[in-house]
Amino acid sequence: GFSPQAVRIHEGFYEKSDLHEDDSRASYALTAIRDLTRWLNRTQIEIAEMCGFSLRISRYWGSGKIKAPREATVRRLHEVHAFVGSLVDAVGRRKAQEWLLQPSSMGTSRYELLAVPDGVTTLLREASSLMFVEASRPERPLPQSVEVEETADLADAYKPLQSSSPIRRPRRVPRNGG
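Each value, and the rule that gives it
Residues numbered from 1 in each chain as written. Predicted model: local features only at pLDDT ≥ 70, side-chain atom pairs only at ≥ 80, totals over all residues. Heavy atoms only, no water. Helix = DSSP H or I, 4+ residues; strand = E, 2+ residues; numbered from the N terminus. Buried < 20%, exposed > 50% of the residue type's maximum accessible area, 1.4 Å probe, protein only. Contact = heavy atoms within 4.5 Å. Areas by Shrake-Rupley, 256 points an atom, 1.4 Å probe, with all protein chains shown as cover. Arc of directions from axis to C-beta. Axes fitted to C-alpha atoms, helices over the stretch in contact; angles between N-to-C directions. Parallel < 35°, antiparallel > 145°, perpendicular 65-115°, else oblique. Nonpolar A, V, L, I, M, F, W, Y, C, P; charged D, E, K, R; others polar.

Participant: Explain the overall build of the protein to me, using residue names and the numbers behind them.
Facilitator: When helices and strands are tallied, the protein shows eight helices and zero strands. When the helices and strands of the protein are listed from N to C terminus, the series reads α-α-α-α-α-α-α-α. Per-residue burial over the protein gives 25% buried out of 178 residues. Across the protein, contacts joining residues at least 24 apart in sequence account for 60% of those joining residues at least 6 apart. Counting only carbon and sulfur atoms, one obtains 52% of the accessible surface of the protein, whose full area is about 14900 Å².

Following this line, the structure appears as C-alpha cells:
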C-alpha cells in the first residue's frame, strides 16, 4: 500500500528565502520608525518608547546585526504606524498632530494612549468620524414593470395564495393490495 516517505529538501533554498524575508522585516520596521518621526514630529527615542522597544535594537536593525526583528517586538510599532498613517492620509499631517495633542475622551493625552496596549483601539473609535465618511445610499427608483400593490396586501405576507383549481383529495390505497 501507500506509506509515508520523508523527502529531503535542499536546505540552502530556505536559508536564502528566510534571509530575504528577514531583511524586509527589518526594513519595514525602520521605514515605520522614519515615517512616525516625520508624521508625529517626535524623536526616534520617543517613538521607541511609545512602541515598546529600545533604540539600541532599532540601531541593530539598521546596521544588520539583527536581521529579523521579533514579531512581538515590532507588532506595536506596526499598529501605531498603521493608525497614524491612516489618520495622516485622512486629515493631513498638521491636523493629525493637532488632534493627537488634544485630550482623549478619557481625559488622558492621545499621545500617551498610543503607548498603551489598547490605546490604538480607543483612538480609532474616537477618530472614526474624521477618518471614515459615512456613505449615503442613493435611492433607486423601482423598475417601470413593477406596480406597487395596496399596503394591506403587502402587510400580510403569510396569507395563502388563492388558487382557481379545486383542492384534490389524497388518493386512497386499496385494502386488498390490488
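After that view of the structure, there is still more to cover.
Participant: Describe helix H3 (residues 55-63), listing the residues and the values that go with them.
Facilitator: Of all the residues in H3, the buried ones are Leu55, Ser58 and Trp61. Viewed end-on, H3 has its buried residues packed into an arc of 110°, placing them on one side of the element. Seen from the buried face of H3, the exposed residues on the opposite side, beyond 90 degrees, are Arg56 and Arg59. Gly64 lies just past H3 and shows a positive phi near 95°.

Participant: A description of unusual backbone geometry should follow, citing residues and the corresponding values.
Facilitator: Phi at Asn41 takes a positive value of approximately 55°, unusual for a residue other than glycine. Residue position: Asn41 is located in the loop between helix H1 (11-40) and helix H2 (44-51).

Participant: Could you give an account of the packing of H2 against helix H4 (residues 71-91), with specific residues and numbers?
Facilitator: Where H2 meets H4, the axes come as close as 9 Å, and the angle between the chain directions of the two elements is 110°. Taken together, the axes of H2 and H4 lie roughly perpendicular to each other. On H4, the residues that touch Ile47, Met50 and Cys51 of H2 are Thr73, Arg76, Leu77 and Val80. Counted by class, the contact of H2 with H4 contains five nonpolar, one polar and one charged residues.

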